[in-house]
Amino acid sequence: MPLLDSKTGKIIKDYSIEELKERANYMRGLDMISLCSGASGHSGGTLSMMDILACLYLKIARHDPKNPNWPDRDRIIWSAGHKAPALYVSLAMSGYFQEEELAKLRMMGSPLQGHPHRKDLAGVEISSGSLGQGLSVAVGVAYAAKLDKKDYKTFAITSDGEHQEGSIWEAVMEAGNFKLNNLINIIDFNRLQIDGTVEEVQSIEPLADKYSAFKWNVIDIDGHDLNQISDALNKAYNSADKPTLILARTIKGKGVSFMENVVGWHGKPPNKEEMAKALTELGLSNRFDLDKFFKVGIDHLAMVEKKLEAKMPKFSRDFWWNKQSSMKVEMDPTRMGMGRALEENGGDERIVCIGADISDSITISGFYKKNPERKNRWISVGVAEQGGTTVAVGLAKEGKIPVFGTYGVFSSARNLDQIRVSVCYGDFNVLIVGAHGGVSVGPDGATHQELESLFQMCGLPNMRVGSPIDSIETKKMTKAMLFDIIGPKYIRFAREATPVVTEENTPFKFGIANIYRLRGEKPNFKDAFEVKLSTEYKSENEDLTIISSGPEAAEAMRAAWILKTDYNIETRIINMHTVKPLDKEAILRAAKETKAIITAEEHQVGGLGNPIAAVVLPALASIGKAIPFDMIGVKDRFGESGLSWQLIKEFELAAEHIADKARMMLKLK
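Basis of the calculations
Residues numbered from 1 in each chain as written. Predicted model: local features only at pLDDT ≥ 70, side-chain atom pairs only at ≥ 80, totals over all residues. Heavy atoms only, no water. Helix = DSSP H or I, 4+ residues; strand = E, 2+ residues; numbered from the N terminus. Rg over C-alpha atoms; globule rule 2.2 N^0.38 Å. Buried < 20%, exposed > 50% of the residue type's maximum accessible area, 1.4 Å probe, protein only. Contact = heavy atoms within 4.5 Å. Areas by Shrake-Rupley, 256 points an atom, 1.4 Å probe, with all protein chains shown as cover. Lys, Arg positive; Asp, Glu negative; His and termini not counted. Charge placed at Lys NZ, Arg CZ, Asp CG, Glu CD. Pairing = 2+ DSSP bridges. Arc of directions from axis to C-beta. Polar contact = N/O pair within 3.5 Å; in protein donor to acceptor, adjacent residues only side chain to side chain. Right-handed = clockwise from strand over helix to strand, strands pointing away. Axes fitted to C-alpha atoms, helices over the stretch in contact; angles between N-to-C directions. Parallel < 35°, antiparallel > 145°, perpendicular 65-115°, else oblique. Left-handed = near helix turned anticlockwise from the far one by under 90°. Nonpolar A, V, L, I, M, F, W, Y, C, P; charged D, E, K, R; others polar. Phe/Tyr/Trp six-rings, centres within 6.5 Å; stacked < 30°, edge-to-face > 60°. Lys NZ or Arg CZ within 6 Å of the ring centre and 35° of its normal. Patch = residues over 30% accessible without salt bridge, like charges linked within 9 Å, V, L, I, M, F, W, Y side chains within 5 Å. Salt bridge = Lys/Arg side-chain N within 4 Å of Asp/Glu carboxyl O.

1. A short note on the overall build of the protein chain
Okay, so step 1: Across its full length, the protein chain carries 23 helices and 24 strands.
Okay, so step 2: Against the globule reference of 26 Å for 669 residues, the protein chain gives a C-alpha radius of gyration of 27 Å, in line with a compact fold.
Okay, so step 3: Summarising its shape, the C-alpha atoms of the protein chain cover approximately 80 × 60 × 50 Å along the three principal directions.
Okay, so step 4: Counting only residues that meet the buried cut, the protein chain has 62% of its 669 residues in that class.
Okay, so step 5: Residue pairs at least 24 apart in sequence account for 78% of intrachain contacts in the protein chain once pairs closer than 6 positions are excluded.
Okay, so step 6: Accessible area for the protein chain stands at about 25,100 Å²; split by element, carbon and sulfur atoms hold 50% of it.
Okay, so step 7: The average position of the 84 basic charges and that of the 88 acidic charges among the side chains of the protein chain differ by 3 Å.

Below, the structure written as structure tokens:
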């Protein structure tokens, strides 16, 4: 059944197979342009899906773009949320919005989030991005149709690597046992994932036999043959007694020669030169008004910039990073520090590193990249965070030092029960890496922006938690956690390049905070500050204390510069790089010796601030004074797509926001 007018029942357009071929090719062109405009997103897996999606959205599925919530529509559940650009192209082609809107892909304030959000865009059934969950949702949707005696079908879009998630197999088992003949799972079987081929990373074969064993019909097709795709979807649509798997064998990057079957194009967009070459290969060089298309994105970004600047607190000059002739900083991603530490210290035969499909991105692969002899101590579990965590426990039980790492949203939440019971309750020596913490992952959006891990990790008995300020401190903390800290431990760091504010000789001791004091403007920002361990610091009776951790602590340092320049305020900055156990003595001394305290975190507000408040409040009576206390952090909301520096401003985490809070607390004019 093609696209419908739900009010009249009339067909909007019935596409022939030849027309679908043309549409699929055109959709590939739109995909390349939108990815180029957004300068972010997934090329390979979106291109591999287009033939299937053209047939599904334009010929098979019942839906009405003018009535997106039509109760009798077929549901299309995207479990593989990272392929969102292909979803957006499909919706544009179906008439949900104008094609030019695709130019806003992954931009701040756009409904075209890095991973789809159902509240932002009509036609999106679920918010997704954390792999392995969508098929279970589809089971529930299909079951609801049975309960309500509705005849709509539920299609799930999944990926092959996603089948390394255990939750997928729970859903497969459920659907077969529930005899959900109204459920169709379409697997984009393109054989590649971030760390390599699915077969090499973590084989899922024999996939068809596994589904058959779980009581599914299986239809194995060429995912680029529109006749086979159409026939398979129609057969699945009319299944009498079982759910149906359509195993669509595809080519990642299909249609663009330099992207086809290349692992590196998984999460990479084309630049303008590559986009032009792709359009030429697709025979679409003259089909699009590229200037008009890109102008939509450019104008949108200009509007975003204007809004952000309007809401920023104002001071005597522009104190933003590297905007002044002095106080310059170098930028380096904190994640690089962990990779360097593993490279330098990985020769210890006890160390075993466990990757979860984003190994180069979080730099855990630095363990073996220049030392291939260590590869026997490298374990790739693919997209299987729960399994990777408990494998680490088994290794630790036998005397190894396991390091398990992935994005913080997956290493602190997807596997939380495994951490709680197997790691912490068992009190095993496991280092868990929470990479891309905070909003630094940027355009990937809310599903991949870790803003909650301090609540989760610090709430666990036996767990130690570190959040280093820059790449140099990340390297030091990683080494300390490997060899000095025995037991459960979690390190949180960012993705994007952030200011380097320490040096190799900057003092560092796990569990002891560092005190930073501005000593005057210098050519280099880091040289403007004196740094001491809290145990060696002598009070200067400062006006204000800012307690922070991670790269947000560099924003606290910049806030001190603003306050000194504009108001002659003296600020004690406490870099609480060890979030658990807290340096309570440093906190109590700040409460006694300074006039106000602000906590600042690139996290849901209170992750750092609440434990610090819990130290300060009981001590007020003994201190003999009340002390103004407030927190800077994300205000109980999810993230969104955008450039990392835009998000720092949007979520009011910049130094200007810290300084403005201080200005109000200290009643400065």
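Now that the structure has been shown, we can carry on.
2. Some words on the environment of Leu451
Okay, so step 1: Looking at where Leu451 falls in the secondary structure, it is placed in the loop between strand 14 (431-435) and helix 16 (453-458).
Okay, so step 2: The spatial distance from the C-alpha of Leu451 to the C-alpha of Gly408 is 8.7 Å, given a sequence separation of 43 residues.

3. Considering the pairing of strand 3 (residues 75-78)
Okay, so step 1: Of the two faces of strand 3, the one lined by Arg75 and Ile77 and the one lined by Ile76 and Trp78 are each fully buried.
Okay, so step 2: Note that strand 3 and strand 4 (residues 154-159) share four bridges and pair parallel. In the strand pairing of strand 4, Arg75 is matched with Thr154.

4. Details of helix 9 (residues 272-281)
Okay, so step 1: Met275, Ala278 and Leu279 are the residues of helix 9 that are buried. Taken down its axis, helix 9 places every buried residue within 100 degrees of arc, on the same side. Within helix 9, the exposed residues directed more than 90 degrees away from the buried face are Glu273 and Thr280.
Okay, so step 2: On its buried face, helix 9 is in contact with helix 1 (17-38) and helix 10 (290-311).
Okay, so step 3: The residue sitting at the N-terminus of helix 9 and contributing the capping side-chain oxygen is Asn271; that oxygen lies 3.1 Å from the backbone nitrogen of Glu273.
Okay, so step 4: Following helix 9 by one or two positions, Gly283 adopts a phi angle in the positive range, close to 70 degrees.

5. Some remarks on the pairing of strand 21 (residues 571-575)
Put simply, side chains in a regular strand alternate between the two faces of the sheet.
Okay, so step 1: Buried residues dominate strand 21, accounting for five of its five residues.
Okay, so step 2: What you see with strand 21 is no split at all: Thr571, Ile573 and Asn575 on one side and Arg572 and Ile574 on the other are buried throughout.
Okay, so step 3: Here three bridges tie strand 18 (residues 514-518) to strand 21, and the two strands are oriented antiparallel to one another. Paired with Asn514 across the two strands is Asn575, which belongs to strand 21.
Okay, so step 4: Bridge analysis of strand 20 (residues 544-548) against strand 21 gives five bridges, and the strand direction is parallel. From the neighbouring strand, Leu544 faces strand 21, where its bridge partner is Thr571.
Okay, so step 5: For the segment spanning strand 20, helix 18 (residues 552-567) and strand 21, crossover handedness is right-handed.

6. Looking at the sheet that holds strand 21
Okay, so step 1: Ordered in space as 19-18-21-20-23-24, the six strands form an open sheet in which the pairing is mixed. At either end of the open sheet lies a strand with only one pairing partner, and these are strand 19 (529-533) and strand 24 (629-634). Here the average twist between neighbouring strands, direction ignored, is 20 degrees.
Okay, so step 2: Sheet analysis places strand 18 next to strand 19, joined by five bridges and oriented antiparallel. Across the sheet, residue Asn514 finds its bridge partner in strand 19, namely Leu533.
Okay, so step 3: Strand contacts of helix 18: strand 18, strand 19, strand 20, strand 21, strand 23 (597-604) and strand 24, with the helix running at about 175 degrees to strand 21, the strand carrying the most contacts.
Okay, so step 4: Along the sheet, helix 19 (residues 584-593) makes contact with strand 20, strand 21 and strand 23, crossing strand 21 at roughly 170 degrees.

7. Topic: the packing of helix 1 against helix 3 (residues 84-94)
Okay, so step 1: Between helix 1 and helix 3, whose axes approach to 10 Å, the crossing angle comes to 125 degrees. In terms of axis orientation, helix 1 runs oblique to helix 3. Once helix 1 is placed against helix 3, the crossing between them reads as right-handed. Within the contact between the two elements, helix 1 uses Arg23, Tyr26, Met27, Leu30, Asp31 and Leu35 and helix 3 uses Pro85, Ala86, Val89, Ser90 and Met93.
Okay, so step 2: Each residue belonging to the contact of helix 1 with helix 3 can be placed in one class, and the counts come to eight nonpolar, one polar and two charged.

8. Points about unusual backbone geometry
With the exception of glycine, most residues fall at negative phi, and the peptide bonds are largely trans.
Okay, so step 1: Omega for the bond connecting Glu205 with Pro206 falls within 30 degrees of zero, at 0 degrees, which places this linkage in the cis form.
Okay, so step 2: Note on placement: Pro206 falls in the loop between helix 6 (198-202) and helix 7 (207-213).
Okay, so step 3: Residues Lys580 and Pro581 are joined by a peptide bond in cis, for which omega reads 0 degrees.
Okay, so step 4: Relative to the helices and strands, Pro581 is located in the loop between strand 22 (578-580) and helix 19.
Okay, so step 5: Phi is positive for Arg106, which is not a glycine, with a value near 65 degrees.
Okay, so step 6: Of the residues examined, Arg106 reaches a relative accessible area of 4% and is grouped as buried.
Okay, so step 7: Even without being a glycine, Asn462 presents a positive backbone phi close to 75 degrees.
Okay, so step 8: Inspection of the secondary structure puts Asn462 in the loop between helix 16 and strand 15 (464-466).

9. Describing the side chain of Arg558
Okay, so step 1: Among the structural elements, Arg558 can be located in helix 18.
Okay, so step 2: A polar side-chain atom of Arg558 sits 2.7 Å from a polar atom in the side chain of Glu656.
Okay, so step 3: With residues near it in sequence (within four places) discarded, Arg558 still touches Phe319, Trp320, Trp321, Phe525, Ala654, Ala655 and Glu656.

10. Brief notes about the packing of aromatic side chains
Okay, so step 1: What the rule picks out here adds up to 14 aromatic pairs.
Okay, so step 2: Where Phe293 meets Phe294, the ring centres are 6.1 Å apart and the plane angle is 75 degrees; that geometry is what we call edge-to-face.
Okay, so step 3: Exposure remark for Phe293: the relative accessible area of 5% places this residue in the buried category.
Okay, so step 4: Judged by relative accessible area, Phe294 falls into the buried class, the value being 10%.
Okay, so step 5: Members of the aromatic cluster, joined through ring pairs, are Phe319, Trp321, Phe525, Phe529 and Trp561.
Okay, so step 6: Across the ring face of Phe189, the terminal group of Arg249 is positioned such that the distance to the ring centre comes to 5.2 Å.
Okay, so step 7: Across the ring face of Trp265, the terminal group of Lys268 is positioned such that the distance to the ring centre comes to 4.4 Å.

11. Looking at a nonpolar patch on the surface
Okay, so step 1: Residues Tyr143, Leu147 and Phe178 make up a contiguous nonpolar surface patch of roughly 310 Å² in combined accessible area.
Okay, so step 2: With a relative accessible area of 37%, Tyr143 lands in the partly exposed category.

From the geometry alone we can't say anything about function, so treat these as descriptive.
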